[in-house]
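The chain contents come next:
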Amino acid sequence: MRRDDTIESVRFRRLALLETATEKIIKPARNLTGTLRLPGDKSISHRYAMLAGLAEGASTFSNFSTGADCASSLGCVAALGAKVEWLEDGRVTVTGVANSFHQPTTHLDCGNSGSTMRMMSGLLAAQAGEFTLVGDASLSRRPMERIRKPLAEMGAQITLTEGHAPVVVRGSALTGIDYTTPIPSAQVKTALLFAGMQAEGTTTIRESVRTRDHGELAIRAFGATVERTLDSVSITGKQKLKAIEAEIPGDISSAAFFLCAAALFPESNLVLDGLGLNPTRATLLDVLTALGATVAVLNLEEKNTELIGTVQLNAPAKGLGGTTVSGALAAQLIDELPVLAAIAPYSRNGIRIRDAKELRVKESDRIALVVKNLHAMGAEVEEFEDGLDVPGGQRLHGAQIDSGGDHRIAMAFSVAALRAEGETAILGAESAAISFPEFFDMLENVAER
Ligand code: S3P
């Protein structure tokens, strides 16, 4: 980043990456070895951007996510009056509005980012003014009623169009509620915490599965209080936030592509430094261990309430075994399921995924696209409404992959391509820049041919 970079110019460059349709050819690999440090966690970067935007004072973040999605969150808080700057050394500073966002002169563009649209709606619900949040074609198809309903119970005035964006928020005084989320969702939980933090009284959110807790931890890092019990989180209203300095841990959902790739090669040795190891996000490490990989956590420390450490993965000599991902596991692994399904044909006993219907309403219908692309590579797979069965012991061949403009599909099938016979063309490879612009370069650095 240059010193004179503004949020507009950085955002423009990130979006420009997405506008050029790119095809990437992935050749089979012999092995995967190396040490990587991943760009900052997307979930944490979004939350820090939003809270810093509202806080009093200047927050500084190192290793902020380089993805277009988090640039959308920064773009929104900038449009709402926060000052966003990049320092020469790559750090980002956000000077907040000290509790009162300004009325924006434009619509708030959330791009492809469901996190931005849902969590910003919660943050804005108690703010004076009228805010219109818009998104791209994919985001405009995604369900928004899940935030409108509980926020309306708190007194918010939110209008959708047939359950979808644009989300029009007319800020009003809110009152705390006690709400049980019908579908486990950290985005919904965080939206309600962001609204509850500004409401009258206490807001309690109950969830049947403990979803990622970055919202709770971020609010604490910014100096406010959140209480937790086994199955609920509560926040009292009228709390104020103070700016922080933080290093953002490497994104474990981005690391998942390399962890799964390394798990496919018996001679592999992958070390990931500075990786986010929040227990609500690290379930993939347990699943890879259950599949036979050796996963070692070499060190672990807490920074700004989040765990960060070094992980080493070695694949099993006899190949991966098999497993079922269902129930709470499916919710906790929701972003990692496409890549797990993509490596499943190479396991000995296959991978079965259930209770993952939410995959159908992500950036794409991820169940349908995983099935389509596995078929294209010659794999057998059975599709279910809430998951899929991928038998093990299969040989795949290179194919043309339809990413459907979905970053995680493009990256998941780049990993499957490493063990296929022949070359694979990833169509819509530019979508990786939504979360992880460095993905293809990093993959080339660790793949041995
Ligand atoms: C996220 C929560 C998950 C996840 C998404 C990021 C978050 O979505 O799929 O990539 O940062 O809270 P849901 O809340 O819809 O499950």
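Here the residue numbers are simple positions, counted from 1 along each chain's written sequence. With pLDDT at 70 or above as the cut-off, local features in this predicted model cover only qualifying residues; side-chain atom pairs require 80 or more to be listed or tallied, and sums for whole chains, interfaces and linings still use all residues. To get the side-chain values, take all heavy atoms of the structure and skip hydrogens and water.

Caption draft 1: Local environment of the sheet that holds strand β11 (residues 202-206). Between any two strands, pairing holds if DSSP finds at least two bridges. Under the scheme used here, helices are H or I runs from DSSP no shorter than 4 residues and strands are E runs no shorter than 2 residues, and both carry numbers assigned from the N terminus. Strands sit in the order β10-β11-β13-β12 across an open sheet of four strands; the sheet is mixed. Edge positions in the sheet fall to β10 (178-180) and β12 (227-228), since each has one partner strand and no second. The sheet contact formed by β12 and strand β13 (residues 232-236) spans two bridges and is antiparallel. Bridging from a neighbouring strand, glutamate 227 pairs with serine 234 of β13.

Caption draft 2: View of the environment of glutamate 85. Within the secondary structure, glutamate 85 sits in strand β4 (residues 83-86). Along the chain, glutamate 85 and threonine 60 lie 25 residues apart, while their C-alpha atoms are 9.4 Å from each other. Any two residues having at least one pair of non-hydrogen atoms within 4.5 Å are treated as being in contact. For glutamate 85, the contacting residues outside a window of four places in its chain are Arg91, Val92 and Thr93.

Caption draft 3: Here's a closer look at the pattern of salt bridges. Salt bridges are defined by distance alone: a side-chain nitrogen of Lys or Arg within 4 Å of a carboxyl oxygen of Asp or Glu. In total, this model carries 27 salt bridges according to the counting rule given. Note that arginine 146 and glutamate 358 form a salt bridge whose closest N and O atoms lie 2.9 Å from each other. Taken together, the residues span a long stretch of sequence, with arginine 146 in helix α6 (residues 145-153) and glutamate 358 in the loop between β19 (350-353) and α13 (366-376) at a distance of 212 residues. The residue arginine 449 makes a salt bridge to glutamate 444 at a minimum N-O spacing of 2.7 Å. Given the relative accessible area of 39%, glutamate 444 is considered partly exposed. Members of the salt-bridge network, linked through shared partners, are Arg142, Glu363, Arg366 and Asp406. Throughout this description, buried means an accessible area under 20% of the type-specific maximum (1.4 Å probe, protein chains only), exposed means over 50%, and partly exposed covers the range between.

Caption draft 4: Inspection of the site of the ligand at higher detail. Any residue with a non-hydrogen atom lying within 4 Å of a molecule or strand is treated as near it. By nearness alone, every residue bordering the ligand is listed as Ser43, Arg47, Ser115, Arg118, Ser185, Ala186, Gln187, Arg212, Ile334, Asp335, Lys362 and Arg408. Within the side chain of arginine 47, one N or O atom sits 2.6 Å away from an oxygen atom of the ligand. Aspartate 335 places a side-chain nitrogen or oxygen 2.7 Å from an oxygen atom of the ligand. Accessibility throughout is a Shrake-Rupley quantity obtained with a 1.4 Å probe, and a residue counts as covered only by protein chains that appear here. Relative to its unbound accessible area of 380 Å², the ligand is 94% covered by the protein chains. Secondary structure elements with two or more residues in the shell around the ligand: α2 (42-54), α4 (114-124) and α7 (186-196). Note that Gly is not counted as nonpolar here; it falls among the polar residues with everything else outside the nonpolar set of Ala, Val, Leu, Ile, Met, Phe, Trp, Tyr, Cys and Pro and the charged set of Asp, Glu, Lys and Arg. In terms of residue class, the shell around the ligand is built from two nonpolar, four polar and six charged. Between N or O atoms, a polar contact is any pair within 3.5 Å; within protein, one atom must be a potential hydrogen donor and the other a potential acceptor, and residues adjacent in sequence are included only when both atoms are from side chains.

Caption draft 5: Summary view of the packing of α2 against α7. Axis definition: a line fitted to C-alpha atoms, limited for helices to the stretch in contact. Angles are taken between N-to-C directions and run from 0 to 180 degrees. In contact at an axis separation of 13 Å, α2 and α7 are set at 15° when each is read in the N-to-C sense. Judged by the inter-axis angle, α2 sits roughly parallel to α7. Relative to α7, α2 is oriented so that their crossing is right-handed. Side by side, α2 and α7 meet where Arg47, Met50 and Leu51 of the first sit next to Ala186, Gln187, Thr190 and Phe194 of the second. Residue composition of the contact of α2 with α7, by class: four nonpolar, two polar and one charged. Angle categories: roughly parallel below 35 degrees, roughly antiparallel above 145, roughly perpendicular from 65 to 115, and oblique for all the rest. In a left-handed crossing the near helix is turned counterclockwise from the far helix by less than a right angle, and in a right-handed crossing that turn is clockwise.

Caption draft 6: The arrangement of helix α3 (residues 68-79) in detail. What a helix is expected to span follows from its residue count: subtract one and scale by 1.5 Å. The terminal C-alpha atoms of α3, which comprises 12 residues, lie 16 Å apart, in line with the 16 Å expected from a rise of 1.5 Å per residue. Listed in full, the buried residues belonging to α3 are Ala68, Asp69, Cys70, Ala71, Ser72, Ser73, Leu74, Gly75, Cys76, Val77 and Ala78. Looking at the buried residues of α3, the elements they touch are α1 (7-19), α2, β4, β5 (92-95), β6 (108-109) and α4.

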